[in-house]
Amino acid sequence: MKQGNHLDAVTLKLWYGGCFKRGDEGVIFMGSTFRTVAIDIDEMCWFTMVEEAEKCGFKRDVDAIFFMSSDGLQRALDDTHAQVICKRALEDRVGECYIVPGYDVPQLMQWVECGSALSLMKLPSKLIPRRKVSTSINSTIKGPPLSSSTIETPTLETPNETPTLETPNETPTLETPTLDSTKRISKNTSKTYKTDKTVLKTPKKASKKTQTAIRTSPRLSSKQNTSLKPSSPNFIVNNNKNPETSSTQIPSDFHEPSYDINDLTIADLFKNYEENADKAALNGDDNDDFSEGEEDDPAYDPEGEYGDDESESDEDVTDEDESVNDALIEGDLDDDDVEINEARVRVKKWNADALQIVAQLQLEAACGKLSGQDKTKTPTVTNGQVSDYDESGDEHQTPGNSDEECIPGKRVVTSFPVVNEHTDFNKLKWCVGISFPNRETFRDCVTRYAIAQGRDLTFDISDNPRGRKLGVRCKSGCPFRLYGSWDNKRAAFLVKSADPSHTCRRTMESNRQLKSTWLAKQFLLLHGSMKEHYSRLGSYIAALEETNPTSFFTLFTNPNVTSNPLVFQRFYVCFDALKQGWLLGCRKIVSVDACFLKTFLGGQLIAAVGRDGNEQMFPLAWAVVEGENNESYAWFFNQLKISLGVEDGDGMTIISDQHQSIVAMVAKEFPRAEHRHCARHVFANWHKTYKGEEMKNLFWGCAKAYNEADFNDALDNLKQADPKAAEAFIACNPTLFCRAFIQNHTQNDVIVSNMSETFNAYIISARSKHIIYMLEEIRTSIMQRLIEKKLEMEGSTHVVCPRVQERLEVEKDKASMCKALPFTATLFQVIDGIDTLTVNLEARTCTCRKWDLTGIPCFHAVAAIFSIHGHAEDYVSDYYKREAYLRSYNLGIAPVPGQRHWPKRDLPLNPPPIKVGPGRPRKKRRRDPHKDSMKKGKLTKHGIEMTCSICKSNTHNKRKCPDKNKTQPAPPKNPMGRPRKYPRLEDSSESAAQPHHSATAQPSRVGRGGRVTMAGRGSGRRGRAAGRNGGRARAPQGFGVLFDGQGNAFTNVALLLLLALGNAVEVIGEENEEQCTYKPKLDPRPHSVSIVEFGAVGDGKFLNTGAFQNAIFYLNSFADKGGAQLYVPPGKWLTGSFNLTNHLTLFLEKDAVILGSQNPSHWGVADPLPSYGRGFEVPGSRYRSLINGYSLHDVVITGNNGTIDGQGSIWWDAFLSRTLNHSRPHLVEIVDSVGVVVSNLTFLNAPAYNIHPVYSSNILVQNISALAPASSPHTVGIVPDSSDHICIENSNISTGYDAISLKSGWDEHGIAYGRPTTYVHIKQVQLQASTGSAIAFGSQMSGGISHVLVEHLYIINSLSGVEFRTAVGRGGYIKNINVSHIVMENTHTAFNASGQWTNHPDEDYDKSALPVLVQITLKDVVGVNITVAGSFSGIKESPFQFSLSDISLSLNSISTTTWFCSNVIGSSKSVFPEPCPELDTSSLTSIATVNGLSTSL
């Protein structure tokens, strides 16, 4: 192209819908159509090409765009290639691109980039179209075979080089004669190939004048912008790059439509289709022979220039073309042929119907009604792109002419995303064509985008003096770019180049656009000025009064300003729903406190907060005031009194800190109300002087004492620790903050204002906002809280509120330590250790005053209630009941509409004067400096007195020590050798002067002759016993006797316990300590997986049964590879029943809780055990346990103190209500297994048993806790059942029934199964059995129980210590039992044996089967606070045999019977109190050796 011949626009032809194929002639672009568009040269870029390519009908992003360059076929990748295409378009009048779908790109790129195919080819400068046409006329175009070696046809480089078919009129039959293979065709000459009936003519090239006229056209018509071809031409990539020597062939049947279908009118369509129908009818074809791509296609264009009026007009159609049509239509046809006429009619009718459908679709498409499209709607931005289905864009575009909306072929203007201040910049994706009214708007939108997406963007301003160009780029290395400039044609600021991709990470740390000026502007836009804000307060109050007409709102302005506008000072809010809820369902207690507002205007918010029945906050009223002073508190309490209608405060309790304004105004406004001071604030002031953890505990011991007796004891302890601290405590007036002196009319023992602190934290976010927004957020949050709390309680079945129920359960657990003695039906004397109290159930009082103050029965009252078989919940105050709670939350706060809908109220207000304090406003309250440090793992150093490590002065540290540079003498060396534990008397004069018996609590023991042995050493042989019966065993560590200065032992409980333990009996050789022979080495498993890997969710709600089952099934594959571990991380893992597998470790991490499902269907049902014959509680089957093991080997259930919680409450309720379908399940059941370890776990709330090994061997249970409430019916800790070699040690068990129970089958089923429980060792275990026995043998013992060693137990708060149970019909035996070194405390019956447990599985038991109880030894037992020493009731036909020795039991004052014996024989030695005569034998003469246990009898 010559210099200076510059065009404003060029034509771009986009070929699409086809694909590249390799053929004999080269690479062919087959089956495609094209679309022409006019492109502005200045706007030509890569994004423009992609945007136009996507308009070709692709529903996805364009994958690749190719073009022909001087070097051959290339892929367009950037703006450089776009400029090449533009340059070529200027030279050739039109630029051509080829759009390839995704599935063709890999193969084509292999050809183009790797050179596998095209590298060997010489690509032409232009792709040549090729199209295979099937004719509908019954004539054949015949000709010689076309070959590139024999025939060369001219390359079609311009639209004017269109071959023309010249057909004579004689006949419609076309035959092509054989062409001369030696004839060459020149490029610039017009050649005609003559046949019998047809002439194929290649026209001459268009004149230079015509080309120039076309090139210099500044604009293209609308027909050039969008043109769609109905057919799919092919293109051949010629191997010869030179067009003059091109060997590309043009088939004789090649042709293309000469006009666009969009250029046709409806009449033209009918005319052409009628002509086609006539042609088909002339040749005898019916409508089934019409196919796509026929020669008579009305859209046929031989050059492919659809709708190009400048390149070809209607006048350009040659006479030869018209003669062809005439020959086809007006040929010699036989009109008298009936069949032909009928066929013609049918075809015309069919075409007419088809054309009507086409016309209708064309109209609908032009009107935008096709496929649900509505062009009247303005597209909006969705994820940065335009959506054609939005309904909110009418205001962004000027309405068009309605007369033009339904014109077929009308050009549709491309829509771009609408970007303004309402755009969601988090989802915006920039693209070319977005317009803005000016550059400032563009810059503001870029700033919003950068801040919203966290991108560090910078602006590049053009050097143009007009400053109309603006570039945007991201930080170095990120490809994001934007370029925009002013467009005069559109009169808008346009984005002309965009790369929206980011490779940088989102950050706000270095965002250059996030400036203080921008933030200030946004703040003003959001909140407006303070004058505007406060001027809307009147409308807000009107909206509140309109929606909540019965509520109480008071606005108070500054009395010093009387002229308009007034100045805001205070505003009080009390919603009627809160007032009615407090009056109807809450105790009359109010906590009052103020908190700071965080805005620059300052001020404070005073709130009155009550307590609901669940001991949670119940906001009552709040007010915005200028500060804490007498005037503001007087005004607030006056408004509170008026809104609540409480007059002088009679029956109310107010809790607050010691602020003098509160104290004075409460006394003024509520003279008859009880005013408590917050004990925490009192302690904070007192603790500044008297520091330390000991002082803290002593202070709260005094403050929390419920009665004066306990208060005086606590105060005496404080006086002993520090008399000055006690004096300072009394000076604080304990009657205002100690429970011993507060009134009980409000049934609340609260002495701290924590409800106010909770409310202040609840509204912390609202306090940072201005008054209207703050009040509205508080109102909204409380409105939601009211309905949420109501729905929570409505969905609950609790009679008592949950938090109160938890407190009651604690009291129930303590009740087992008390003994209730009835005086009347409602008056009881309750014994609590050494203390005695009076409980009146009718008056609901107790001497301890705890029940009086709280309304919740104390454990003394619970003990009395349990003694009459009552329910403690029935005696809880009505304020804590579900009904009262629902009354509190019955009403709700009505919603308030938005600001636009508020009533108009003219109330001009000025904001209060600004109070700016030093520093940044605090977001958190000042913490107590004596509380734990905010840093985990570090203690606070507040108040610690520094001491210099150099000079030992407490006035400075070593950094400021004046002697830090002086040479210090070396510290003395430590003496050689280990320090003596006890100094020699001859080396210490002080020791020699001391009396023989000084006050000491060293571990000691009384030996023979009253000698004291320390740490197990005596005058005899040291160390362990030398033989089975010789020597003396080591004294137990940790026990001692306390002597006074004169050598007299203190007469207390410790003396009784330790003297009993000191009188150790002979025997128990060294091998007894090794009785637990199964001590496996727990090596780590070679494989481990987490339960999370199998889809488990630890939220306590998702059922993870499948996850556990799948995990264990997977780990079973590692059983022969050393085993595997299933790891349960922290969380709450709800599950049903699942089975373990061999060589498995189930490990529960700390804070990991396996929760048993409360749906019985998740547990499954199992057959009854054969030794029982039926379910223990319900005949028939039984529920499967939570964790089951059948025929296992080498299994470990352990953890880092994880928890297995059975959630057994539903099972307990079903048991008590007798609604069980099957017998209750257990937590862990091991059946027919060998080598199982259960350790380092906590078991909670088992439905029945916690751990149940049955028919198993070598079971080790150690370091576990098994806990269940005292009220849980028949819950048992560990139940060894028909198993052997069981070891239970170092554990803590507290259950509702038995702690440990040994069993071996039930009646005839156990006798038939015949497997005993034997070789059991239980040691170092703490047991508590509220309604059962700490350790029980039987009563299901038909298989036999023998060789059991029980030692070193601590039994507390149990109904029975050691119990033996059986009955006639059991059969079996209990023998060779050795129980020793037991300490009992608060136990009703120390020893119990009964043969009257007459429950049987059925009536088929053997009534003559008598159990045998022999060789049972009980020795070295100490008991404190025992009611009954022993009760032995044997069977007449089979008396029980016992041997008792070295037993000392301290009976309590209510004990009336010490021993009871019936059908029992045996012996006793050193037993106190003296046993019954059947067991009274002065000496033991026989020695029973029980399988290696040497026991003195």
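The structure this text deals with has already been given above.
Cut-off values and rules
- Residues numbered from 1 in each chain as written.
- Predicted model: local features only at pLDDT ≥ 70, side-chain atom pairs only at ≥ 80, totals over all residues.
- Heavy atoms only, no water.
- Pairing = 2+ DSSP bridges.
- Helix = DSSP H or I, 4+ residues; strand = E, 2+ residues; numbered from the N terminus.
- Contact = heavy atoms within 4.5 Å.
- Axes fitted to C-alpha atoms, helices over the stretch in contact; angles between N-to-C directions.
- Disulfide = S-S within 2.5 Å.
- Buried < 20%, exposed > 50% of the residue type's maximum accessible area, 1.4 Å probe, protein only.
- Core = buried A, V, L, I, M, F, W, Y, C linked by side-chain atoms within 4.5 Å.
- Patch = residues over 30% accessible without salt bridge, like charges linked within 9 Å, V, L, I, M, F, W, Y side chains within 5 Å.
- Areas by Shrake-Rupley, 256 points an atom, 1.4 Å probe, with all protein chains shown as cover.
- Salt bridge = Lys/Arg side-chain N within 4 Å of Asp/Glu carboxyl O.
- Lys, Arg positive; Asp, Glu negative; His and termini not counted.
- Charge placed at Lys NZ, Arg CZ, Asp CG, Glu CD.

## Let's talk about the sheet that holds strand β17 (residues 469-473)
Strand pairing in a sheet is mediated by backbone hydrogen bonds. Such pairs are either parallel or antiparallel. A sheet is described by the order of its strands in space; here 5 strands give the open sequence β15-β19-β18-β17-β16, paired in antiparallel fashion. Sheet topology places β15 (435-436) and β16 (458-461) at the edges, where each strand pairs with a single neighbour. Relative to strand β19 (residues 492-499), β15 is paired through 2 bridges, and the arrangement is antiparallel. Looking at β19, one finds that Ser435 is bridged to Leu494. Sitting on the sheet, helix α8 (residues 439-453) touches β15, β16, β17, β18 (481-487) and β19, and the angle it makes with β17 is about 5 degrees.

## With respect to the state of the cysteines
A complete count under the given rule lists 1 disulfide for this structure. In this model Cys474 remains outside any disulfide bridge; the closest cysteine sulfur is found in Cys504, 3.5 Å from its own. A residue is classified by how much of its surface remains accessible, and Cys474, at 2% relative accessible area, is buried. Cys846 takes part in no disulfide bond, and the closest cysteine sulfur, belonging to Cys848, lies 3.5 Å away. The exposure class assigned to Cys846 is buried, which follows from its relative accessible area of 5%.

## Examining the environment of Tyr1405
Tracing the chain through its elements places Tyr1405 in the loop between β56 (1373-1394) and β57 (1412-1433). The exposure class assigned to Tyr1405 is buried, which follows from its relative accessible area of 16%. A sequence separation of 99 residues divides Tyr1405 from Trp1306, and the C-alpha atoms of the two residues are 9.2 Å apart. The contacts of Tyr1405, once residues within four sequence positions are left out, are Asp1307, Glu1308, Val1368, Gly1369 and His1400.

## Some details on the nonpolar core
Ranked by size, the top nonpolar core spans 99 residues in total, and within it Leu605, Trp622, Phe637 and Phe759 carry the most contacts. Every residue in contact with Leu605, bar those within four places of it in the chain, is listed here: Asp593, Ala594, Cys595, Leu597, Trp622, Ala623, Val624, Phe759, Ile763, Met774 and Ile778. In terms of nonpolar packing, the next biggest core, distinct from the first, is built from 94 residues, Trp1133, Val1178, Met1384 and Ile1426 among them.

## Structural notes on the sheet that holds strand β29 (residues 835-840)
If you trace the 4 strands from one edge of the open sheet to the other, you get β27-β28-β29-β30, paired in antiparallel fashion. Both outer strands of the open sheet, β27 (818-822) and β30 (845-846), are each paired with one neighbouring strand and no more. In terms of strand pairing, β29 meets β30 through 2 bridges, oriented antiparallel. Bridging across to β30, Asn840 finds its partner in Thr845.

## Quick word on the environment of Tyr773
With respect to the helices, strands and loops of the structure, Tyr773 is situated in helix α20 (residues 771-794). As a C-alpha pair, Tyr773 and His533 span 240 residues in sequence and 9.6 Å in three-dimensional space.

## A short note on the pairing of strand β54 (residues 1333-1337)
Of all 5 residues making up β54, 5 are buried, and the element is well covered by its neighbours. Pairing of strand β52 (residues 1300-1302) with β54 involves 3 bridges; the strand directions are parallel. Within β54, the position partnered with Ser1301 by the bridge is Ala1336.

## Looking at a negative patch on the surface
Judged by side-chain charge, Asp710, Asp713, Asp716 and Asp835 come together as a negatively charged surface patch. Of note, Asp835 is situated in strand β29.

## A few points about the pattern of salt bridges
Across all of its chains, the model carries 34 salt bridges by this definition. Measuring nitrogen to oxygen at the nearest pair gives 3.7 Å for the salt bridge that ties Lys13 to Glu96. Remark: Glu96 occurs in strand β7 (residues 94-100) and Lys13 occurs in strand β1 (residues 9-16); sequence separation between them is 83 residues. Both residues of the pair, Lys13 and Glu96, belong to the buried class. The salt bridge involving Glu615 is made with Arg807; its shortest N-O contact spans 3.7 Å. Taken together, the residues Glu615 in the loop between β23 (604-611) and β24 (617-625) and Arg807 in helix α21 (residues 802-815) connect sequence positions 192 residues apart. For Arg807, a relative accessible area of 29% gives the class partly exposed. What emerges from the salt-bridge pattern is a single network uniting Arg587, Arg611, Glu615, Arg739, Asp749 and Arg807.

By themselves these figures say nothing about function.
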